[in-house]
Amino acid sequence: MRNFIVLTLLYVVFFNQVLAQNIEKKVASLESELLYFSLNHNQYVAYTPAIHQNSQLLHFWLKPSEYTAYELILHLRQEAYWYINHNLQKKLTLGWHRFSLDSLARKYSYQPIFCTLYARKGNFLKEIAIGYFKNDFPKPSIEQIDKNYTYAIRRNAVVLLIILFLGYAVIRQIDFKILMGYLQLSKFWNIRRRMDNPLFLRIFASSNILFLLNYAFLVAVFFYFLGLTSQEKQNMLLIGRYLDKDLQALSIKSLAWSFVIILIGILAKFLLIGIVALVLGISRVVNIHFYEYVRISHFFYLPLTLFVLYLALQVPFRLEYWHNLFKLLLGTLYVVRLIALGLIINKSVEFRKLDFYSYLCITELFPLLLSWKLLFFS
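Within any chain, residue numbers begin from 1 and follow the written order of that chain's sequence. Note on the predicted model: pLDDT of at least 70 is required for a residue's local features to be given, and 80 or more for side-chain atom pairs to be given and counted; whole-chain, interface and lining totals, by contrast, use all residues. Note: side-chain values were computed over all heavy atoms of the structure, leaving out hydrogens and water.

Q: So, the overall build of the protein: which residues are in play, and what are the values?
A: Only DSSP runs of H or I covering at least 4 residues are called helices, and only runs of E covering at least 2 are called strands; the numbering of each starts at the N terminus. Counting its regular elements, the protein contains 12 helices and 10 strands. Relative accessible area decides the class of each residue, using a 1.4 Å probe on protein chains only: under 20% of the type maximum gives buried, over 50% gives exposed, and in between gives partly exposed. Classification of the 378 residues of the protein by burial places 43% in the buried group. Total accessible area on the protein is roughly 21600 Å²; 62% of this is exposed by carbon and sulfur atoms. Using a 1.4 Å probe, accessible areas were evaluated by the Shrake-Rupley method; residue-level cover was limited to the displayed protein chains.

Dropping the structure here:
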């Protein structure tokens, strides 16, 4: 065990020395950019080694977009923690560290970022610079990295498209009428609804549950690829941000989480409709509302998902250009869904005006505003 520790320490020291001797180009030294937070002045001041050498916190502004071809290089005398915009990124061991400025620029939307280094003792930072090391080992080219990335997107798009087609084929074989009930375009603006419609009476029949599972998978596929259009490459459903900060949109785990969240959302929607309808004494509207909600939503998500799958197959390296368009389409289509549901529900069941507006605000308008908040202001 002792020999292993000695060999490990020798390796770390030797490896750091090799890297130190192989700095090929230093574009900018950031020592003069370091900041120290002065309690006396209650603000950030320029870091002066002779005065602030015992500081455990060092700060600096970084503009990755100005040096996308290079790396941020840190040389630490001891372990430290790295923060970006006051969020902990990782723990850094002593020695050399490098970070791709191109990746940082894309992750933070090409905006300046505020970096902080924290260590348990002062004088922990030996060197900080922008540049790159001389690498004696072959690295995959940018073109090869892009090929691997685009290949993964296209492969996943093909697999998921096949799964979706198989899902619709199975539903068609099991219950053709229920599939047509959801897919008939002529019914979209047809406000009249027969109360003896079997879809209203058996909203959770086995064939309908199968369609709901397929619908949930369709929406999960859409949000899975929508995450790939974002700069951060994170799942757009709160998953990557709150449940798992390291969860990348391209991972299958991201798709699985999306599917689970969508299923929970569908169940929560049904419970919300049921509870509000029960309180207002209009329980007969529950199945109609839920069926129409799924049907209209399906009309929206089916073409959107097919479109994003088409983009993933044709231009996987340009998905980021479509991010804002998809968010705008979603926000607009949610408004159209609100109007359509309001017209259909109002014609299907007799309401007092106050009950109707209260019911619609709680079940549709509030979720709409929440969706806008998550899409455009989070």
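Now that the structure is up, let's keep going.
Q: Residue-level account of helix H7 (residues 206–228), with values.
A: Here H7 contains 23 residues, and its C-alpha end-to-end distance of 34 Å stays within 8% of the 33 Å for a straight helix at 1.5 Å per residue. Extensive coverage of H7 is indicated by the burial of 19 of its 23 residues. Expected span of a helix: the number of residues minus one, times 1.5 Å.

Q: Summarise unusual backbone geometry; cite the residues concerned and give the values.
A: One non-glycine residue, Asn42, lies in positive phi territory at about 55°. Here Asn42 is to be found in the loop between strand S2 (35–38) and strand S3 (43–46). Take Asn42: its relative accessible area is 60%, and that puts it in the exposed class. Its identity as a non-glycine residue notwithstanding, His86 has a phi of 70°, on the positive side. With respect to the helices, strands and loops of the structure, His86 is situated in the loop between strand S6 (80–84) and strand S7 (87–92).

Q: Could you give an account of the packing of H7 against helix H9 (residues 252–280), naming the residues involved and the relevant values?
A: Interaxial angle, 0 to 180 degrees, is taken between N-to-C directions of lines fitted to C-alpha atoms, where a helix line uses only the stretch in contact. For the pair H7 and H9, the least separation of the axes is 8 Å and the interaxial angle reads 130°. If you check the angle between H7 and H9, you find them oblique. Crossing handedness for the pair H7 and H9: right-handed. Seen from H7, the contacting residues are Leu212, Leu213, Tyr215, Ala216, Phe217, Val219, Ala220, Val221 and Tyr224; seen from H9, they are Ile252, Ser254, Leu255, Ser258, Phe259, Ile262, Leu263 and Ile266. The classification used treats Ala, Val, Leu, Ile, Met, Phe, Trp, Tyr, Cys and Pro as nonpolar, Asp, Glu, Lys and Arg as charged, and all other residues, Gly among them, as polar. Along the lines of polarity and charge, the residues of the contact of H7 with H9 split into 15 nonpolar, 2 polar and no charged. Should an angle fall under 35 degrees it is taken as roughly parallel, and over 145 as roughly antiparallel, whereas 65 to 115 is taken as roughly perpendicular and any remaining angle as oblique. Crossing handedness is read from the near helix: turned anticlockwise from the far helix by less than a right angle, it gives a left-handed crossing, and turned clockwise, a right-handed one. Whether two residues are in contact is decided by their heavy atoms, any of which lying within 4.5 Å being enough.

Q: Before we move on, could you go through the side chain of His298 and cite the residues and values that matter?
A: Mapped onto the secondary structure, His298 falls in helix H10 (residues 286–314). Contact partners of His298, with chain neighbours within four places excluded, come to Tyr168, Tyr182, Leu183, Phe211, Tyr215, Leu218 and Pro303.

Q: Give a description of the packing of aromatic side chains that names residues and reports values.
A: In this analysis, rings of Phe, Tyr and Trp, with Trp reduced to its six-membered ring, are considered paired at centre separations within 6.5 Å, and the interplanar angle assigns stacked below 30 degrees, edge-to-face beyond 60, and tilted for intermediate values. Under the criterion given, the structure shown has 17 aromatic pairs. Within the aromatic cluster, the residues linked to one another by ring pairs are Phe222, Phe223, Tyr301, Phe307, Trp322 and Phe326.

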